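# Structural overview
Each chain, letter by letter, is given below.
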Amino acid sequence: MKFRIGTRRACSPKEGKVMAFPSRKMTLLAGVALSAIAGTAVAQEANTGYIGQRDRSNFAYLSQDGSNDGFIYQYGQRNVFLPIANGGPGDAQSGSNILGVEQLGTENFVGGDFLQSGNNTGAIGQFGTHNVVNRFLQTGSNRGAVFQGGYNNLAQNVQDSGTNDTGIVQLNTDENAAGNFAASTQTASEGAVSGTLQVGSGNGAITAQSGATDSRAITLQSGTGNGAYTGQTNVADSASGIVQTGKGNTAASGQLSSVDASSLILQDGKNNNAINAQTNVAGASETTVQTGNENEAASVQTLVANSSAAIAQDGNDNEAASAQAFVFGSSTATVQDGNKNTAGNGQTFVAGSSAVIGQTGNNNDAANAQTLVQGSSAAIVQSGNKNNAGNVQGLVAESSAAIGQIGRENSAANAQTLVGDASAAILQGGDGNEAANVQAGLTESDAAILQLGSDNIAANAQTGGLRKTARIIQGGVGNTATNLQSNGEGNAAAALQLGSSNTGLNVQAEGVANASGIAQFGSDNGAANLQSGGSDATAAIAQFGNGNVALNTQVDVDPTAAGILQIGSGNGAANAQTDVIGSNAGIAQFGSANMALNTQESGSDLTGLIVQGGTGNNAFNLQNGVMDTTAFIGQFGSGNTAGNIQQEKSSGVTAAILQVGTGNTALNTQGERQTVSRAVPGYNLTTNISMPKYFIGGSGSTGPFLTGLIADEGLASGTGSAPAVDSIAVAAQFGNDNAAVNSQVGQLIVPEVVHVTQTGTVYAPKYEGGAGIKIGRFVDSPYTYSQGSTDVTLLDADVTNPLGEVTIPTVASAAGIVQVGDENAAFNFQTVAAASLAATVQIGDHNFSSNSQTGTIGVLAGTVQNGSNNGAITTQTLAVASAAATVQNGDRNFAGTTQVASLGNLSLIVQDGDYNAALVNQSNSSGNTSAILQHASHSIALIDQGGSGNSSAVVQTGAYSNAWVSQTGSASNSAIIQYGSGSSDADRNYAVVSQSGAGQNSLVVQQGRANVAFVAQK
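Values in this document were obtained by computation on a predicted structure and should not be read as measured data.

### Structural notes on the environment of Gly52
- Locating Gly52 in the fold gives a position in strand S3 (residues 51–53).
- Judged by its relative accessible area of 6%, Gly52 falls in the buried class.
- Spatially, the C-alpha atom of Gly52 lies 9.2 Å from that of Glu102, the residues being 50 residues apart in sequence.
- With residues up to four places along the chain from it excluded, the contact list for Gly52 reads Ile72, Tyr73 and Gln74.

### Notes on the pairing of strand S20 (residues 250–256)
- Among the seven residues of S20, five are classified as buried, and the element is accordingly described as predominantly covered.
- Relative to S20, strand S18 (residues 227–233) runs parallel, the two being bridged by seven bridges. Of the residues in S20, the one forming a bridge with Thr233 is Leu256.
- Sheet topology places S20 next to strand S22 (residues 273–279); seven bridges connect them, and they run parallel. The residue bridging Ala251 from the neighbouring strand is Ala274, located in S22.

### Quick look at the pairing of strand S24 (residues 296–302)
- Residues Ala297, Ser299 and Gln301 line the buried face of S24, whereas the alternating positions Glu296, Ala298, Val300 and Thr302 sit on a face that is not buried.
- Bridge count between S22 and S24: seven bridges; the pairing is parallel. The partner of Asn276 across the bridge, within S24, is Ser299.

### Some words on the UniProt feature "domain: Cyclic nucleotide-binding" (unreviewed entry) in the protein
- In this numbering, the UniProt entry assigns the feature "domain: Cyclic nucleotide-binding" (unreviewed entry) to residues 609–645.
- Between the first and last C-alpha atoms of residues 609–645 the distance is 13 Å; the span itself is 0% helix and 68% strand.

### Considering unusual backbone geometry
- Following Gly703, the chain continues into Pro704 via a peptide bond in cis, with omega recorded as 0 degrees.
- Tracing the backbone through its elements, the reader meets Pro704 in strand S58 (residues 701–711).
- If you check the backbone angles, Lys649 has positive phi at about 65 degrees while not being a glycine.
- Despite not being glycine, His846 shows a phi value in the positive range, around 55 degrees.
- Here His846 shows up in the loop between strand S72 (837–842) and strand S73 (848–854).

Thresholds applied
- Residues numbered from 1 in each chain as written.
- Predicted model: local features only at pLDDT ≥ 70, side-chain atom pairs only at ≥ 80, totals over all residues.
- Heavy atoms only, no water.
- Helix = DSSP H or I, 4+ residues; strand = E, 2+ residues; numbered from the N terminus.
- Buried < 20%, exposed > 50% of the residue type's maximum accessible area, 1.4 Å probe, protein only.
- Contact = heavy atoms within 4.5 Å.
- Pairing = 2+ DSSP bridges.
- UniProt positions renumbered as here; feature names shortened; annotations may be inferred.

Next up, the structure:
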């Protein structure tokens, strides 16, 4: 055994050169040291120990056992190596340990629990004043090093069992600073490394690892006034590091009960703040990087598994916060490259979720919040300046919300609450855009907004319901689009705006599998789709022009489609569908300043279509309370007006209008609301009475006075439906200033509810005065009366018909109008018609035609005009199996056919010349037949048949012919044939036949000129 004391030469700080210590003096110093330990033995076996002390009040103690090396050097005043613990000395080094302690300065202190046991290596060096190591404890193959170069520094190192490494280096370069603080603790660790380096003054660092396995913790601070904390508890294969190079930085990292967890904080600027916290983590990692100045970052993970949180800020004055609680497989990341940006990530009780924020511009705001989510992800990317973005998800499952803004001063918000399988995304590439996605109480919903222009506004809101989808795409400037879905299921809404200053709105409420879409490519367009209730409804609007307005409304429909296409400018279109099933409504406008309306209400299998290609056209289709009906309007001219009305319980009807000219007007009506009124007879329940004049002393009476009730004539009225069934009404106009009307309606017989009103007057004598007493000549005061009356209301109530509504519809009838010329007018009326046909064709100019059929069955009425200034009238009233036809090919022709209360009547008029006139009247007759053929000009033919079974025919071909036939009776026959061709005597033929009675026959044939024939039979 060899033990040497005082064989070293020390350098005096004052002299700056090597000093020699005599062996006699060193022996004396050793004796003083040994006497100070109260007789405790110094035991060594093959170890090397050295203690060097200079000046006064220094204390050193060393105990080595088992091949240990020790070095102790103290220079200065009042330095202490190992104090006495519990009245006795502490032990240092047991079992092949190496220890080196050097203190240079004044008032330094090393170790209250100073201990090394089991192959440990320790080194402690302190330079300066007031340095403290405090606690240096190592057991189990540990290595530890503490170096302090400044003053007022404090370092603590504790390692317990398990091949640990720790190092603390503190260099105070600022002589005005108070000194550094560092503490490193590793307990029951294996392969763990902990290192702390502080350069500057006023720095503080704490590193603690407990129960760690192959863990690493590092802290590096080179600035001034920095503070760092790294804590790992019950870690396994974990790493935690803090690097700060600026001034006044603060960083904290904590991992508790972690497995495979890693935490890193790097700050390069000044006055930065960062915190990383992981609690009961597994495979989680947190990273914070700040290179700017005065940045703030915080990341907290609690009970996480396979989670990662990262914050990176490169600019100045940025703020970022990330929090995860009860997460599983989650990740949150924040990246800010600009200045003064603010970002926040929050996840609570999430699973498999991720929240990401990236900002490269300046003054941007971004927030991600997820609460009780599962498999959810929220991401925000902003590359411009002064953008605002927010993602909020609450109680969502497998949901995702993303916001990307490339421009400047954009605002975007995503909010999902109580949703499941929902996704909301916003992308803005322009400047000054605003977008919002809100989903609440949904399942399997999707909302997306894409804005590539500037100053656009877009909003998606979905509340309640299942499987909703909402889309908005804006590529222009100053557009506004909104999708609102509430309490529906499987609904989809989309808006596309590539123009400027467009407005689009989609509203869906309480529906199932409804779809609405808006596409706007022009400017200053307005479009809205409103859907409420119903299922499988589709509403679409496409606008390519400027200043167009379109509206689709669908309420309680199933399944129904409504579409509007506008390519021109200043057009207005609306589709309204309410309580309909299996119906379609469409509007296409290619011109300018056109107006179109489709209305469908309380029906099924309805179709309404309007096509407008001109300018200033007006068209409307009204389908109300009908079934299996079709309405079409096509307008390609200017200033046209067309309307199709199908209503009042009509079914299987078709109405079509085609107008190509200018200023046309066409109306198709099938079914109408009718009012039926009947008079309530009045009655008289009055009588005349006389009133006595005296009650006492006299006699006589006055009067008479009317007494009783007189009821006025009342009124019973009600409204109801007069429908058309399986009928067709068509109008086609190609000219200018045409007017066409088709009307097919039934007849209301008895309404379901009848309102009865009746008033009356009650009459009675009215007492005016008198006492009714007469006493001689002294008292005479008779009663006086006047006629009194009071108006009363006898009836004012609704009466329900027990049979319900009684109507006679128009069935299997058709009405058609074709006009090609200018200023034509044609009317078709069919009321209570069955299997009837009314048709009009006009090709010339200034034509007029009217077909009217009332209460007819199997009746045909047709008119063809191919000239100018023609006029044709056909009227059939209460006719059965009757037919009337008129053909005019010349100019200024006139033909009239009237059949009233007829049965099986036939009438034919053909005119092919100019200035022709033909009139046929068959009244209160049946089985009458009439034919008029005029080929020449200036011809006149009049036929009047009043009986039944009469037949008459007139054929005129001359220049100026006249034929009059009048038959009153029955079973009479008359024929007139005139071939006038002369050139004098006004070129006219005359034939007049009048037959009265029954079974009479007459024939007149005239050829030549100036012929006159007259036949009269009675």
